[in-house]
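Residues per chain are reported as follows:
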Amino acid sequence: MDLSVKIGSVTLKNPVVTGSGTFGFGQEYNEYYDISRLGAIGAKGLTLEERQGNPPHRIAETPSGMLNSVGLQNPGVKSFIKNDLVKLKKQNVSVIANISGNTIEEYCEMVKILANSDVDIIEMNISCPNVKQGGVAFGTDEKVIYEITSRVKEHCKQPLVVKLSPNVTDIAKMAVSAEKGGADGISLINTLLGMVIDIKTKRPVLANNVGGLSGPCVKPVAVRMVWQVANAVKIPIIGMGGIMTWEDALEFFLAGATAISVGTACFVDPMAPIKVLDGIEKYLIENNYNNIEEIRGKLVLN
Amino acid sequence: MQEHILKILKNEEIAKEIFDMVVYAPEIAKTAAPGQFVHVSCPDVFLRRPISICDINDDNLRIIYRAEGKGTKNLSSLKPGETVSMLGPLGHGFAPKKGNCVVIGGGLGVFPLLYLSKHLDNPTVILGFCSKDLVCLENDFINPRIFTDDGSCGEIGFATKGLTDEINKGKVDMIYACGPTPMLDAIEKIAKDNKISYQVSLEERMGCGVGACLVCNCMREGKYKRVCADGPVFEG
């Protein structure tokens, strides 16, 4: 039984990845288990320069989930390569670097810098505001998605995965644009935009007023979107959004995902990614499947 | 590090909406340091709640919390014999020092100071509460000076008055503080003005509790620090 999956030219030892932003650069959860058991670590989102992030509060609980507005606090891509990546690579773990930028030029600059590093896959976060187009998120316009993907792909050494925003009308169209632009994979969903109001203070809980919704409450939206995208593109999909258990992961594989990401679940159960991995493996063995491909996209509609 | 599923020995209301929970937790008891916290799973809410370690007695862990929000209200309904899931001990705690130490707590900030006071040599303990119905642990600390905002118990006024009295009496080597933000701001100012070293325990809404997600960051000296991992105790 072979758990390995391919994203572009890179083979991951299994389909379980950790969600960017939930796992730091891997060192904290290393205290709980050997992180090299996982298919890949999705590292904290990087920007060209160091970012402080937003003022507190950066988190608000919601029914079956949470909002976050961390604001992409990170040490900057160069510091990541010099420090955090070195530590990760000593442990023989596959690393997905997640990048965010204000302009297409910034994304290109970052992949050029990362091209000389040991990062295995680059995940491009396009839920950021496009500063040159009035702050509208890159990922909400299919023409912009095609342009940013094709331009970044020119400079990208590693396989390029485009992480789609769900805050759009037609997710399949966005995925097709990314595929046409040369993406080697699609990951979805990023967080949904939400707000929590404190009725005592009459103000939003988050300092940033709005934030990204994640956790079990988004799973049905994520599964639906993975299914829609899987029917529209041929490139591999990393599915994420509310996965807490191996059963949740199965939904995403059946919907068409090649790999899955476990993120918010880690806050509730630090062992979640490992439990999901063990559960997937057990399921495949017990049902005599030889690999993930045998269940991928095997959803039968009513 | 691991998740602990712990048997509840006690979970009682000891002051208005204040609950005192004791769990059998030999693994946590072995390594817990004053000022650390546990990340507690509460019934029917999604995220864990970070609660300071109040005390360790043999193999038992004691936490005291206010049942204010949905999570803690649900936590307060758990009965002895039931279990509760906790992660911990977490965080960078207090560093006990020798010399003349003042331990000053306000409201809910009083609770993590109990275990700390047991690691100090005859500290001066000053506790402040809003009113008599919120006073607790007055018999667990040794000779605490009690203040209430309305004077319904102990002396009238803020605990910071007790701190300035102590400083006026003679040399203070270290101030340990935990309480509401305005109180901690006042204490940091008093400490800096008098050139006294201090350790303050902060709090912030948390996500993972282990330092990975960065949601609990607070600004310290121009940089964002993680309250769950770089803190909750910060030195000055």
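This is a predicted model, so every value here is computed, not measured.

So, how was this worked out
Residues numbered from 1 in each chain as written. Chains lettered and ligands numbered in written order. Predicted model: local features only at pLDDT ≥ 70, side-chain atom pairs only at ≥ 80, totals over all residues. Heavy atoms only, no water. Pairing = 2+ DSSP bridges. Helix = DSSP H or I, 4+ residues; strand = E, 2+ residues; numbered from the N terminus. Axes fitted to C-alpha atoms, helices over the stretch in contact; angles between N-to-C directions. Core = buried A, V, L, I, M, F, W, Y, C linked by side-chain atoms within 4.5 Å. Buried < 20%, exposed > 50% of the residue type's maximum accessible area, 1.4 Å probe, protein only. Contact = heavy atoms within 4.5 Å. Phe/Tyr/Trp six-rings, centres within 6.5 Å; stacked < 30°, edge-to-face > 60°.

Asker: Teacher, can you tell me more about the sheet that holds strand β2 (residues 18–24) of chain B here?
Answerer: The strands making up a sheet associate through hydrogen bonds between their backbones, and the pairing can be parallel or antiparallel. Residues and elements named next belong to chain B. With antiparallel pairing, seven strands are arranged side by side in an open sheet as β4-β3-β7-β1-β2-β6-β5. Of all strands in the sheet, those bounded by a partner on one side alone are β4 (49–52) and β5 (55–57). Sheet twist, expressed as the mean angle between neighbouring strand axes with direction ignored, is 40 degrees. Where strand β3 (residues 37–40) meets strand β7 (residues 83–90), three bridges bridge the pair, whose relative direction is antiparallel. Opposite H39, over in β7, you have L87 as the bridge partner.

Asker: Honestly, the nonpolar core in this entry has me stumped. Any pointers?
Answerer: Nonpolar side chains tend toward joint burial in soluble globular proteins. Residue and element names in this part refer to chain A. Core analysis: the largest hydrophobic core is formed by 132 residues, its most contacted members being F80, L164, L188 and I260. Ranked by residues supplied to this core, first place goes to helix α2 (residues 104–115) with seven residues. Non-local contacts of L188, meaning those with residues more than four positions away in its chain, are made with L164, I171, M225, V226, V229, I237, I238, G239 and M240.

Asker: Got a minute to help me understand the sheet that holds strand β17 (residues 237–240) of chain A in this structure?
Answerer: Residue and element names in this part refer to chain A. Pairing within the open sheet is parallel, and its eight strands lie in the order β3-β18-β17-β12-β11-β8-β7-β4. Each edge of the open sheet is held by one strand with a lone partner, namely β3 (16–18) and β4 (41–42). Its contacts with the sheet put α2 on β7 (95–99) and β8 (121–125), and the angle it makes with β7 is roughly 155 degrees.

Asker: For this particular structure, what's the right way to read the packing of aromatic side chains?
Answerer: Describing an aromatic ring pair means giving the distance of the ring centres and the angle of the ring planes. Here the structure, examined in full by the defined rule, presents eight aromatic pairs over all chains. Between F23 of chain A and Y29 of chain A the ring centres are 4.8 Å apart and the planes differ by 15 degrees, which places this aromatic pair in the stacked class. Each member of the pair F23 of chain A and Y29 of chain A is classed as buried. Taken together, a centroid distance of 5.7 Å and an interplanar angle of 80 degrees make the contact between F94 of chain B and Y176 of chain B edge-to-face. Here Y176 of chain B lies in strand β12 (residues 174–178) and F94 of chain B lies in the loop between β7 and β8 (101–106), a separation of 82 residues in the sequence. Its relative accessible area of 5% is what places F94 of chain B among the buried residues.

Asker: Which parts of the structure should I look at to understand unusual backbone geometry?
Answerer: Where the residue is not glycine, phi is negative for most of them; where a peptide bond is considered, it is trans in most cases. Of note, the amide linkage connecting L188 of chain A to I189 of chain A takes the cis form, showing an omega dihedral of 10 degrees. Take I189 of chain A: it is sitting in the loop between β12 (185–188) and β13 (192–194). Residue P232 of chain B follows G231 of chain B across a cis peptide bond; omega there is 15 degrees. By the element assignment, P232 of chain B lies in the loop between β15 (223–226) and β16 (233–235). Phi at K202 of chain A is positive, roughly 60 degrees, even though this residue is not glycine. Its place among the elements puts K202 of chain A in the loop between β14 (197–198) and β15 (203–204). Of the residues examined, K202 of chain A reaches a relative accessible area of 72% and is grouped as exposed.

Geometry only, nothing functional implied.
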